[in-house]
Amino acid sequence: LAPMARLRAAGCRLAVGSDQHAVVDLLADARSMEMHERLAAQAREVFDPSVLLAALTSEGQASLGNALDGRIAVGCRADLVEVQTDSVRTAGSALDRMVLTASAADVRTVVHGGRVVVTEGRHLLGDVGTMLRDAVTAVREEVAA
């Protein structure tokens, strides 16, 4: 387990991201930071939910060199995500704790650079699962040939 709480206390920015397509759920990745710290510290809420949200947004973007992203302000890129608040996972959750209950399945709208790319849970390019399956199949066939 990475010493995330100690790294954060030492001033390191925490960023969440996926390095593979086994599970692509940044909300689950943020929760795993908390779960790992719970195991290591044998305590609950080592990270306040706002810290997990920052790892998904402002701190994560700053770690990538995008200091103006992760917030709504003049000069920022307008990267926004709308999360469904009435699913079986999120119903009754306080907004400030949504990062602990929501999953990728609850993402309804995504705006990237001011452009809406996901509406009602559907990507503008089409069925992402089908496109990913087709791409992986093509690579496997190429490797096998």
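Here we summarise the structure given alongside this text. (Residues numbered from 1 in each chain as written. Predicted model: local features only at pLDDT ≥ 70, side-chain atom pairs only at ≥ 80, totals over all residues. Heavy atoms only, no water.)

## Some details on the nonpolar core
Okay, step 1: Ranked by internal contacts, the top residues of the largest apolar core, which has 13 residues, are L14, M33, F47 and L52.
Okay, step 2: Non-local contacts of L52, meaning those with residues more than four positions away in its chain, are made with A30, M33, E34, F47, V99 and L100. (Core = buried A, V, L, I, M, F, W, Y, C linked by side-chain atoms within 4.5 Å. Buried < 20%, exposed > 50% of the residue type's maximum accessible area, 1.4 Å probe, protein only. Contact = heavy atoms within 4.5 Å.)

## Structural notes on the sheet that holds strand β2 (residues 107–112)
Okay, step 1: Reading across from one edge, β1-β2-β3-β4 is the order of the 4 strands in this open sheet, with antiparallel pairing throughout. The sheet is open, and its two edges are formed by β1 (80–83) and β4 (122–123), each paired on a single side.
Okay, step 2: Relative to β4, strand β3 (residues 115–119) runs antiparallel, the two sharing 2 bridges. For T119, the partnering residue across the bridge sits in β4 and is R122. (Pairing = 2+ DSSP bridges. Helix = DSSP H or I, 4+ residues; strand = E, 2+ residues; numbered from the N terminus.)

## A closer look at the pattern of salt bridges
Okay, step 1: This structure, assessed with the given rule, holds 5 salt bridges.
Okay, step 2: For R38, the salt bridge is made with E34, and the minimal N-O distance between the two is 2.9 Å. Of this pair, R38 and E34 both sit in helix α2 (residues 26–41), 4 residues apart, which is roughly one turn of that helix. (Salt bridge = Lys/Arg side-chain N within 4 Å of Asp/Glu carboxyl O.)

These results come straight from atomic positions and should not be treated as a statement about function.
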